[in-house]
Amino acid sequence: MDTPAYQQPAAVQIIRDKHGVIVGRFQTQHLTKRTITRDARGLLVGQYDHRVDVTRDARGVLVGSGNLLPTLLPR
């Protein structure tokens, strides 16, 4: 039996560069159907809304259609 979305922990994916240094993290929130991206310092970089299939930056400005979160992380 599946647990309700509000009881599921957010899935976190750590993103590292080629030297193993943490660049950022993706956090998928099951209840809101969004994935948020934070940089290495923990500051919000952007969010992707799975329901409407759009990506927005930290200020809420539309970046584009689809999941463009990896392009928002610093190099």
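Residues numbered from 1 in each chain as written. Predicted model: local features only at pLDDT ≥ 70, side-chain atom pairs only at ≥ 80, totals over all residues. Heavy atoms only, no water.

*Asks:* Help me out: how do you make sense of the sheet that holds strand β1 (residues 11–16) in this one?
*Replies:* Paired through backbone hydrogen bonds, the strands of a sheet run either parallel or antiparallel to each other. If you trace the six strands from one edge of the open sheet to the other, you get β1-β2-β3-β4-β5-β6, paired in antiparallel fashion. Sheet topology places β1 and β6 (62–65) at the edges, where each strand pairs with a single neighbour. The mean inter-strand angle of the sheet, taken between neighbouring strand axes irrespective of direction, is 20°. (Pairing = 2+ DSSP bridges. Helix = DSSP H or I, 4+ residues; strand = E, 2+ residues; numbered from the N terminus. Axes fitted to C-alpha atoms, helices over the stretch in contact; angles between N-to-C directions.)

*Asks:* It is not clear to me how the nonpolar core should be interpreted in this structure. Could you clarify?
*Replies:* It is characteristic of soluble globular proteins that their nonpolar side chains tend to be buried jointly. The biggest cluster of nonpolar side chains holds five residues, and these are V23, F26, Y48, L69 and L73. Residue contacts for L73: discarding those within four places in its chain leaves I15, V23, G24, F26, T37, R38 and V45. (Core = buried A, V, L, I, M, F, W, Y, C linked by side-chain atoms within 4.5 Å. Buried < 20%, exposed > 50% of the residue type's maximum accessible area, 1.4 Å probe, protein only. Contact = heavy atoms within 4.5 Å.)

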